[in-house]
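Listed below, chain by chain, are the residues.
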Amino acid sequence: MARLFSNRDRPFDLGPLPLELLPRDPAAGVVEARQPGDASPSGAQSILWSIPEYRELFAKYLDGEIARGRAPVSDDLEKRARNLKASAYFLDVTLAGTCRLEEGDWASAAHPSHTDAFVFLVEFGRETKHGEAGDAWIRGTNAARTDLRCAEVAVVMAGYVRALGWSARGHVAGDTLVSIERLAQRAGLAKARDGVLAAPFLSRGFRLGVVTTDYAFAPDLPLASLDWPSADAYMGQMGTRPGWTDAEEDQRPLHLGRYAMEKIKRVDEPTTLVLRDEIRRVPKRADLFSRALAGDLGEKPQAERRRFAVKHPLAFAMTPLIRNMVPLQGGREPLAGSTLADPKRNAEAIKALGYFLGADLVGICRAEPWMYYSHGDEKGEPIAPYHPYAVVMLIDQGFETMEGSSGDDWVSGAQSMRAYMRGAMLAGVMAAHLRRLGHSSRVHSNAYSELLHLPAMLMAGLGEMSRIGELVLNPFIGPRSKSVVFTTDLPLDVDKPIDFGLQATCAMCMKCARECPCNAIPFGPKVMFNGYEIWKPDVEKCGRYRLTNAKGSACGRCMKTCPYNREDLVESERLLWLSIEVPESRRALIDHDDASGGGQRNPVKRWWFDLEIVDGVVVKPAAANERDLDFGRAEKLAKTQKLAFFPPELQPKGGTTLKEVVPLDREAGLAAYAAALRKA
Ligand code: B12
Ligand code: SF4
Ligand code: SF4
């Protein structure tokens, strides 16, 4: 399932497949051809009807305002092309290429004076087999599903170029001013075969998107052949996806996903104590970001709150979609209901749908009343728990990008935003689909959530609580995830929590605590906090650091440096099973991670431009954080560490709005933590 060969030495802009090895033919002609479609038609129960509202929303942002000044980006056309390709691979396109625009490429005489085209291809999602759970929802919808993904990428890539100060417009099937199919051939992504485009390496279908612009970059050439270039390439020797991946994945039912979560031990209660009766619900106004917005942390964090994670133009380009998907998240009221009465089948169908749309991991738990926030923050209105089930999905924040980064330089905010955007989109389509079938369903995205995600992730068996603190760590993708949740009244079988030995590992590891730039992660033991056990981080320190980081955008260094943040290799999975089956190996594995440079930056993977938006114009930031492992730091930090925490009695009361300032009481927070430590 995972790769056999490391991609450590493979620049990120080359992508996951060995496109650079294919022969090119500058003289290859362009012929009329259509994009691949679905092999079978969709049925009445399909998700097809839930996609258009998202498509229409995304179409609004294919074009937009151009920044009023040009960014100080390199004039080197190769560098620009590589940066655009890497940005698109970051957004999970399968293949990317470039070409110059010719007059015949435009569908109408009136068009923008663009010179260059950036072309990308997104492959179809893996489908259900006939009769598998979810089949009636999924079959016949791959082209629409993938066009939506292309629209997302086209919006973000065009928005990125416009934020840099050049004109740009995204194009996808149904919303285009150009012939996408011609451009795909000239940019070396596909060739026509019997009137239909075919792409190299892919056994499934695909859809295409284009960004046209007057931002110049180096062009690629048309392909001469679609054949695998060598046996080595087929095996993935350059760190690319092996040719047998699809066949291997097809042996697993879609609802199991690609990670072998079914092999991880399940337990009735989580590995960290949860005393449900003692948990007091907290208002949304207690979220440190709401507190910063209201002014509880002072002027600087308040001013930075709206921009800290979107200071980089690529992250900024995601904001229109992230914000404007909120009104589509759905309601709380019961609907008519349906005949979908088999909770096991329903749960498998939901998971299959989540994987088809692009989730990395899917789990289901009860949405217990204490998981809901008690009050909203804008108006302070009470929130009565509504739906009984929570579908929880994880989106990987991306190993390769994290490898290139210190974790707190200019790409960190974009990593968060990409995962929030993707999560909101796929949960949005799923919840809309269930509503259409008659079941009340509502999305809890990062832009607006009425549910705490951590306990839902924990109970849905997607990971264990880690030393990082407010983070559920998954055995396969480690800490490197963002979650999205939707709650529903569709009857569902729930998952159980998991135990893969993380509590013992975190008890001896402490690498995240050592590497956190602001000493916010505890070196000490787990404590009881509001009725549950947790390594409680100092969220004020972390929050202030992320909000006001002047040498980067936000931070995720704790995730980057954790030994579970591993490359997707067969070898990595072996290490995971070793740590589970031979607990005595854990110390050695942690030491091996440090000794082998785990958590160091890999310069080969540093693909983004260091850029910052200031007053609407992109500038070169004064500095970027440049951090690598600091082995001597732990001793010093552990000695001086003073942490505060903020249980419900130290938080704004339910009903408090964003207009009222409730200054954060650090002294009381320090005293509360010290008291909890005495009891630990
Ligand atoms: C605000 C926030 C922060 C703030 C402030 C947190 C705070 N306490 O106010 C700060 C800046 C610290 C922060 C940092 C990070 N965050 Co944050 N954060 C959130 C957010 C948006 C809201 C949480 C909230 O309202 N807290 C206010 C009150 C409720 O806090 P609290 O009472 O102390 O409760 C906290 C925990 O104790 C826990 N919790 C609450 N009830 C219960 C009950 C049980 C039984 C358990 C076990 C836990 C638990 O959840 C709360 C999380 O803050 C959530 C999304 C969400 N809707 O849950 C993401 C979220 C928790 N963060 C996330 C992540 C990944 C991060 C970072 C790694 C940043 C990054 N680059 O991605 C760091 C990690 C910091 C750390 N050491 O833990 C992810 C976690 C994903 C995962 N795999 O676990 C979430 C779920 C966002 C997402 N959609 O993916 N975050
Ligand atoms: S705890 Fe916060 S500041 Fe520390 S490394 Fe993690 S995200 Fe960064
Ligand atoms: S870095 Fe170590 S202590 Fe921190 S979460 Fe990862 S395994 Fe646990």
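See above for the structure.
Figured I'd write up the structure that's included with this text. Nothing here was measured: the structure is a model prediction, and the numbers come from that model. (Residues numbered from 1 in each chain as written. Chains lettered and ligands numbered in written order. Predicted model: local features only at pLDDT ≥ 70, side-chain atom pairs only at ≥ 80, totals over all residues. Heavy atoms only, no water.)

**As for the site of ligand 2**
Going by this rule: Proximity is defined per residue: if any heavy atom of the residue lies within 4 Å of a molecule or strand, that residue is considered near it. In DSSP terms, a helix is any run of H or I states spanning at least four residues, a strand is any run of E spanning at least two, and both are numbered starting from the N terminus. Gly counts as polar in this scheme, as do all residues outside two lists: the nonpolar Ala, Val, Leu, Ile, Met, Phe, Trp, Tyr, Cys and Pro, and the charged Asp, Glu, Lys and Arg.
Surveying the vicinity of ligand 2 reveals the residues Cys516, Pro517, Cys518, Ile521, Cys542, Tyr545, Arg546, Cys555, Arg557 and Cys558. Broken down by secondary-structure element, the contributors of at least two residues to the shell around ligand 2 are helix H18 (539–548) and helix H19 (557–561). With three residues, H18 is the largest single contributor of residues to the shell around ligand 2. Its residues assigned to classes, the shell around ligand 2 comprises eight nonpolar, no polar and two charged.

**Overview of the sheet that holds strand S2 (residues 116–123)**
Operational definition: Only when DSSP finds a minimum of two bridges between them are two strands counted as paired. In this analysis, axes come from line fits to C-alpha atoms, helices being fitted only over the stretch in contact, and the angle between any two N-to-C directions falls in the range 0 to 180 degrees. For this analysis, residues touch if any pair of their heavy atoms sits within 4.5 Å.
Read across the sheet, four strands follow the order S1-S2-S6-S3 without closing on themselves; strand pairing throughout is antiparallel. Every other strand in the sheet has two partners, leaving strand S1 (95–100) and strand S3 (168–172) as the edge strands with one partner each. Direction aside, the axes of adjacent strands within the sheet are offset by 20° on average. Contacts from helix H2 (residues 77–90) reach S1 and S2 within the one sheet, and its direction differs from that of S1 by about 145°. Sheet strands touched by helix H4 (residues 142–164): S2, S3 and strand S6 (206–213). Its angle to S3, the strand with the most contacts, is close to 175°.

**Observations regarding the state of the cysteines**
We count it as follows: The definition used for a disulfide is geometric: two cysteine sulfur atoms within 2.5 Å.
Under the definition given, this model contains zero disulfides. With no disulfide of its own, cysteine 518 has cysteine 516 as its nearest cysteine by sulfur position, at a separation of 3.8 Å.

**Points about H2**
The line we're drawing: One less than the number of residues in a helix, times 1.5 Å, gives the span that helix is expected to have. Type-normalised accessible area, obtained with a 1.4 Å probe on protein chains alone, sets the label of each residue: buried when under 20%, exposed when over 50%, and partly exposed for intermediate values.
Look at H2: 20 Å from first C-alpha to last across 14 residues, which is about the 20 Å you get at 1.5 Å a residue. Burial of H2 is extensive: 10 of the 14 residues sit out of reach of the surface. Every buried residue of H2 is accounted for by Arg80, Ala81, Asn83, Leu84, Lys85, Ala86, Ser87, Ala88, Tyr89 and Phe90. Downstream of H2 by one or two residues, aspartate 92 has phi in the positive range, about 75°.

**What to know about the site of ligand 3**
Around ligand 3 sit Ser466, Arg467, Ile468, Leu473, Cys506, Cys509, Met510, Lys511, Cys512, Cys562, Pro563 and Tyr564, and those are all the residues in its vicinity. The residue makeup of the shell around ligand 3, split by class, is nine nonpolar, one polar and two charged.

**A closer look at empty space enclosed by the protein**
Spelled out, the test is: Residues are called lining when one of their atoms sits within 4 Å of a cavity or pocket point, these points coming from a 1 Å grid over the protein atoms alone, where a cavity is a set in which a 1.4 Å probe fits but cannot get out and a pocket is an open set with protein on both sides within 12 Å along at least five of seven lines. Grid points are joined across faces, edges and corners, and a volume is the space filled by probe spheres set on the points.
Evaluation of the coordinates by the stated rule reveals five cavities of 30 Å³ or more. As a volume, the second largest cavity reaches approximately 110 Å³. Surrounding the second largest cavity, 14 residues form its lining, Cys506, Cys509, Cys512, Cys562 and Pro563 being those nearest its centre. The set of elements that each furnish at least two residues to the lining of the second largest cavity consists of helix H16 (502–508) and helix H17 (511–515). Sort the elements by how many residues they give to the lining of the second largest cavity and H16 lands first, with three residues. A breakdown of the residues in the lining of the second largest cavity according to their chemical character gives 10 nonpolar, two polar and two charged.

**Re the pairing of S6**
Counting buried residues along S6, eight of its eight residues qualify, which places the element largely inside the surrounding structure. Strand direction decides the pairing type here: S3 and S6, joined by five bridges, are antiparallel. The residue of S6 that forms the bridge with valine 172 is glycine 209.

**Overview of the packing of aromatic side chains**
Quick reminder of the rule: What counts as a ring pair is set by centres within 6.5 Å for rings of Phe, Tyr and Trp (its six-membered ring), and what kind of pair is set by the plane angle: stacked under 30 degrees, edge-to-face over 60, tilted for all other angles. Ring-over charges, as used throughout, are those where CZ of Arg or NZ of Lys falls within 6 Å of the ring centre and within 35 degrees of the ring normal.
Under the criterion given, the structure shown has 17 aromatic pairs. Here the aromatic rings of tryptophan 228 and tyrosine 234 are separated by 5.2 Å at their centres, their planes lie at 80°, and the arrangement is edge-to-face. A network of ring pairs unites the aromatic residues Phe12, Phe90, Trp607 and Trp608 as a single cluster. Its guanidinium or amino end placed over the ring of tyrosine 448, lysine 284 lies 4.8 Å from that ring's centre, counting from NZ or CZ. Note that arginine 418 overlies the ring of phenylalanine 90, its terminal NZ or CZ placed 5.8 Å from the centroid.

**Quick word on the nonpolar core**
Rule in force here: By nonpolar core we mean a set of buried residues, namely Ala, Val, Leu, Ile, Met, Phe, Trp, Tyr and Cys, connected to one another through side-chain atoms within 4.5 Å.
In this structure, Phe58, Ile350, Met393 and Phe486 are the most contacted members of the largest nonpolar core, which totals 193 residues. Among the elements that take part in this core, helix H14 (residues 412–436) stands out by supplying 13 residues, more than any other. When sequence neighbours within four positions are dropped, the list of residues in contact with isoleucine 350 reads Trp137, Ile364, Val391, Met430, Leu434, Phe486, Leu490 and Leu492. Grouped together as the second largest cluster of nonpolar side chains are five residues, Leu297, Ala644, Phe646 and Leu664 included.

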